[in-house]
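Residue strings, one per chain:
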Amino acid sequence: MKVAKFGGSSVASAEQLRKVANIIMDDSDRRVIVVSAPGKRSKEDTKVTDLLIALGEAYKSGNDYELQLKLVLERFKSITDELGISDQVTTEIRQDVESVFSSNYSDALKLDAIKAIGEDSLAKVLSDYLISLGLEATYLNPKDAGIFVSDEPGSAQILEESYEHLYKLRERKEIVVIPGFFGYTKDGKLVTFSRGGSDITGSIVAAGVDADLYENFTDVDSVYCVNPNIVENPKEITSLTYKEMRELSYAGFSVFHDEALIPAFKASIPVCIKNTNNPHGLGTIIVAKKETSENPVVGIASDSGFLSLYVSKYLMNRELGFGRKLLNILEDEGISFEHTPSGIDDLSVIIRESQLTPTKEEIVIRRIKEELDPDTVNIERGLALIMIVGEGMNSTIGIAEKATRAFTHANVNLEMINQGSSEVSLMFGIKAEGVNAAVKALYQEFFE
Ligand SMILES: Nc1ncnc2c1ncn2[C@@H]1O[C@H](COP(=O)(O)OP(=O)(O)O)[C@@H](O)[C@H]1O
Ligand SMILES: N[C@@H](CC(=O)OP(=O)(O)O)C(=O)O
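Just so you know, these numbers come straight off a predicted model, no measurement behind them.

**Student:** Tell me about the domain arrangement of the protein, and name the residues and values.
**Tutor:** Domain annotation of the protein identifies domain 1 (2-287) and domain 2 (299-447). Each of domain 1 and domain 2 was reduced to a C-alpha centroid, and the two centroids are 32 Å apart. Across the interface of domain 1 and domain 2, roughly 1,600 Å² is buried in total on both sides, 64% from carbon and sulfur atoms. Summed over the shared surface of domain 1 and domain 2, the result is zero salt bridges. Taken together, the links from domain 1 to domain 2 amount to eight residue pairs in polar contact (both at pLDDT 80 or more). Among the elements that line the side of domain 1 that touches domain 2, the one with the most residues is helix α10 (residues 242-250), at five residues.

This is the structure we're talking about:
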């Protein structure tokens, strides 16, 4: 049995959904299907999830949301009309929106319920379409599938018992279409995963049904060794380990959600990234162990939008509990951090810029000054992180030398270097404006 997840780009239009149906019909093992909401049809287009978020925000600010709702309804109507199936889903969307807004849920839960409408409606559309083609198919709501999650709006975590419920799906004879991106708390509240979270649903379902393979269909032939939006025609990666892919996704390979590997990894389900527009291509396979390759580096990922909170204090190394107190302040303010490179008398905390609003920044700086009495505390925004990843790196000499040579060629100053404890990755912090030049130079150094 295979679980196939189709991303936003794969379900963006009727034309794409026809390809999806062909892929499902092509292999009778593809019995459980997980779908995203319709994504972008072109670079300028807007994802349905973003339209729904705009709708939710309009409601929250007390504005009229008819325009945003109209855009969502039009997207679905154009799909159902072109596929020649009923447009009943548009009536259901209108009813869903009204029932969410008239509920007594918190704003955060209302927004999650609105966001989920994209996936939920598309799953209904796809199952109707498969039935219209003569297949036995059914839409299955995540609650009925048994996908139970923690009560953390916008960043739910799966509850372990879900896997047992999902295992029962093996008994189904028909093709089951499950909307991705959300689950339900034990007391019945709808909560979404973080953005891009349909990948997570796919992985959870694959682990739950103990699938032979989790196929993740997207709009590229494979995972490339660098982001194809930075380097033209980069080399394809044929196989990766879970560890490598997790590091690369976390560091910016947006093709697969970084949290989506854990369920598949724990259940030893191989993951294959494939292209809906070229389904017979080999794609990229992600497994626990792979044959050693000549190149110890498999990929170079990058992401911007980070800041460094720098704190220095003479004799910090001897002050018991300094790091704990600093991180406690962040925890109190609900700020998560990414890395903590340190020196003898100084410590930097790397944080996503979106985590530290100006108000929170003021509180954090004031508390650090009052509670830790540092010599210096400052914040540097506009940073990018670049991660070089490969399981073979820990036994190879000279990786850092090659990397720093590339930064020199690109004329990019290094703000920070950090070797992950697992030695599977090497991370560099630079100013965001240099990121593309640096990635191109690194690609040349390691892959050309
Ligand atoms: N290293 C990479 N390899 C392949 N694609 C990448 C990589 N880094 C970023 N991407 C981007 O990820 C996109 C696919 O992810 P996404 O847009 O989330 O797809 P989907 O719509 O299927 O969910 C690609 O179109 C590509 O622009
Ligand atoms: N539609 C949701 C979830 C998702 O996974 O989408 P996509 O498959 O388009 O990345 C989002 O945009 O976040």
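Structure's up, so let's keep going.
**Student:** Describe the site of ligand 2, with residues and values.
**Tutor:** In the vicinity of ligand 2, the contacting residues are Lys 5, Gly 7, Gly 8, Ser 36, Lys 47, Thr 49, Glu 119, Phe 181, Arg 195, Gly 196, Gly 197 and Ser 198. Contacts to ligand 2 include Glu 119, whose side-chain N or O atom sits 2.7 Å from a nitrogen atom. Backbone polar atom of Gly 196 to an oxygen atom of ligand 2: 2.7 Å apart, as the coordinates give it. For ligand 2, whose accessible area on its own is 340 Å², the fraction buried by protein is 89%. Counted by class, the shell around ligand 2 contains one nonpolar, seven polar and four charged residues.

**Student:** Tell me what's going on with the environment of Asp 96, and back it up with residues and numbers.
**Tutor:** Mapping Asp 96 onto the fold places it in helix α4 (residues 88-101). Overall, Asp 96 belongs to the partly exposed group, its relative accessible area being 26%. Residues Asp 96 and Ile 114, spaced 18 residues apart in sequence, show a C-alpha to C-alpha distance of 8.0 Å. For Asp 96, the contacting residues outside a window of four places in its chain are Ile 117 and Lys 124.

**Student:** Tell me what's going on with the site of ligand 1, and back it up with residues and numbers.
**Tutor:** Taken together, 18 residues lie around ligand 1, and Ser 9, Thr 218, Asp 219, Tyr 224 and Asn 229 are the ones closest in. The side chain of Asn 229 places a nitrogen or oxygen atom 3.0 Å from an oxygen atom of ligand 1. Protein coverage of the free-state accessible area of ligand 1, which is 570 Å², stands at 82%. Residue classes in the shell around ligand 1 are distributed as eight nonpolar, eight polar and two charged.

**Student:** Hey, could you go over the side chain of Ser 308 for me, with residue numbers and the actual values?
**Tutor:** When you line up the elements, Ser 308 lands in strand β13 (residues 299-312). Looking at Ser 308, the relative accessible area reads 9%, which means it is buried. Leave out the neighbours within four places in its chain, and Ser 308 touches Ser 348, Val 349, Ile 350, Asn 378, Ile 379, Glu 380 and Leu 383.

**Student:** Explain the sheet that holds strand β17 (residues 425-431) to me, and be specific about the residues and the numbers.
**Tutor:** Overall, antiparallel pairing links the five strands, which are arranged β14-β13-β15-β17-β16 in an open sheet. The open sheet has two edge strands with one neighbour each: β14 (346-352) and β16 (416-419). The average angle at which neighbouring strand axes cross in this sheet is 35°, direction not considered. In terms of strand pairing, β13 meets β14 through seven bridges, oriented antiparallel. Bridging across to β14, Ser 308 finds its partner in Ile 350. On the sheet, helix α12 (residues 322-332) packs against β13 and β14 and is oriented at approximately 25° with respect to β14. Where helix α14 (residues 399-409) meets the sheet, its contacts fall on β15 (376-389) and β17, and the angle it forms with β17 comes to roughly 20°.

Criteria and cut-off values
Residue numbers here run from 1 along each chain, matching the order of that chain's written sequence. Chains carry letters from A onward and ligands carry numbers from 1 onward, assigned in written order. Two thresholds apply to this predicted model, a pLDDT of at least 70 for residue-level local features and 80 or more for giving and counting side-chain atom pairs, whereas whole-chain, interface and lining totals are computed over all residues. The side-chain values count all of the structure's non-hydrogen atoms but skip hydrogen atoms and water molecules. For every domain, the bounds stem from an assignment made automatically or drawn from a database. Throughout, buried area stands for the accessible area (probe radius 1.4 Å) lost by two parts on being put together, summed over both. Any carboxyl oxygen of Asp or Glu that lies within 4 Å of a side-chain nitrogen of Lys or Arg is treated as forming a salt bridge with it. Within 3.5 Å is the distance limit for a polar contact, defined as a pair of N or O atoms, with the added protein rule that one can donate a hydrogen and the other accept it, and that residues adjacent in sequence qualify only through two side-chain atoms. Only DSSP runs of H or I with at least four residues qualify as helices, and only runs of E with at least two residues qualify as strands; both kinds are numbered from the N terminus onward. One heavy atom suffices: a residue is near a molecule or strand as soon as one of its heavy atoms comes within 4 Å of it. Note on areas: Shrake-Rupley, 1.4 Å probe, and residue coverage restricted to the protein chains presented here. Throughout, the ten residues Ala, Val, Leu, Ile, Met, Phe, Trp, Tyr, Cys and Pro are labelled nonpolar, Asp, Glu, Lys and Arg are labelled charged, and all others, Gly among them, are labelled polar. For every residue, the accessible area obtained with a 1.4 Å probe (protein chains only) is divided by the maximum for its type, and the residue is called buried under 20%, exposed over 50%, and partly exposed between those limits. Note on contacts: a residue pair is in contact if any heavy atoms of the two residues lie within 4.5 Å. Note on pairing: DSSP must find at least two bridges between two strands before they are called paired. A fitted line through C-alpha atoms represents every axis, and for helices the fit uses only the stretch in contact; the resulting angles, taken between N-to-C directions, go from 0 to 180 degrees.

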